[in-house]
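# What the coordinates show
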Amino acid sequence: MTFIATMLMLLCGANVGASAKVKCVPKIYAFGFSASFNDSTVYFTEIHEIDSAWINEKNKFLVSRDNYSYQLKDYFAHKGLPYRTCLISYALTRKDIEKKYEKMRSKYVESGNFSIKDLSVTDFRFTAIKPDSYEIENSNK
């Protein structure tokens, strides 16, 4: 356990020469969502814990969030569904992400016009991304 804590501190502490406005947090909570204009099926991933995520301290934006969305988009492309729109929703606490998850999911359930499919963590899992210096620099703008 001490080894894991030490490794997390080292990973987060290696601040890649970033400005003080971007920091590594021990974990965030996130889920993915995917939809397409070509069909009425929407996908929700389970809520994931992502270790060592980088956020902008000022606005709490997830640095490199587009690359997290691309992880889900790539998953669908490999499954033969290349034209899906994918997004990631995240929060710093489990309570906040559960609230976002339920609110978004309920909109699709209540409309009755969509087929909702769930992706378990065995189907798809987000992996932490360490942003490069360009992403860190541009996250402050």
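Residues numbered from 1 in each chain as written. Predicted model: local features only at pLDDT ≥ 70, side-chain atom pairs only at ≥ 80, totals over all residues. Heavy atoms only, no water.

## Thoughts on the overall build of the protein
The helix and strand inventory of the protein stands at 4 helices and 5 strands. In the protein, the succession of α and β elements from N to C terminus is α-β-β-β-α-β-α-β-α. The buried share among the 141 residues of the protein stands at 38%. Residue pairs at least 24 apart in sequence account for 72% of intrachain contacts in the protein once pairs closer than 6 positions are excluded. Summed over its atoms, the accessible surface of the protein is roughly 8700 Å², and 56% of this surface lies on carbon and sulfur atoms. (Helix = DSSP H or I, 4+ residues; strand = E, 2+ residues; numbered from the N terminus. Buried < 20%, exposed > 50% of the residue type's maximum accessible area, 1.4 Å probe, protein only. Contact = heavy atoms within 4.5 Å. Areas by Shrake-Rupley, 256 points an atom, 1.4 Å probe, with all protein chains shown as cover.)

## Quick notes on unusual backbone geometry
At Ser52, a residue that is not glycine, the phi angle is positive and equals roughly 55°. Summarising the element assignment, Ser52 is placed in strand S3 (residues 48-56). A relative accessible area of 4% means that Ser52 is categorised as buried. Positive phi outside glycine occurs at Ser64, with the angle close to 70°. Position of Ser64 relative to the elements: it lies in the loop between S3 and helix H2 (65-78). Here Ser64 falls in the buried class, since its relative accessible area comes to 6%.

## Re the side chain of Thr41
Counting through the fold element by element, Thr41 comes out in strand S2 (residues 41-45). A relative accessible area of 15% means that Thr41 is categorised as buried. Beyond its immediate chain neighbours, meaning those up to four positions away, Thr41 contacts Ser34, Ala35, Ser36, Arg84, Ser115 and Lys117.

## Concerning the environment of Ile55
With respect to the helices, strands and loops of the structure, Ile55 is situated in strand S3. When its relative accessible area of 1% is taken as the criterion, Ile55 is described as buried. Here the alpha-carbon distance between Ile55 and Leu92, two residues 37 residues apart in the chain, equals 9.8 Å. Here Ile55 is in contact with Lys21, Val22, Lys23, Val25, Lys60, Phe61, Leu62, Val63 and Leu92, once residues within four sequence places are set aside.

## Regarding the confidence of the model for the protein
The predicted structure's coordinates, where accompanied by low pLDDT, should not be read in detail. Mean pLDDT over the protein: 85, with 84% of residues reaching 70 or higher. pLDDT under 50 marks residues 1-20. Its contacts with residues more than four places away, or in other chains, come to 21 contacts. (pLDDT = per-residue confidence, 0-100.)

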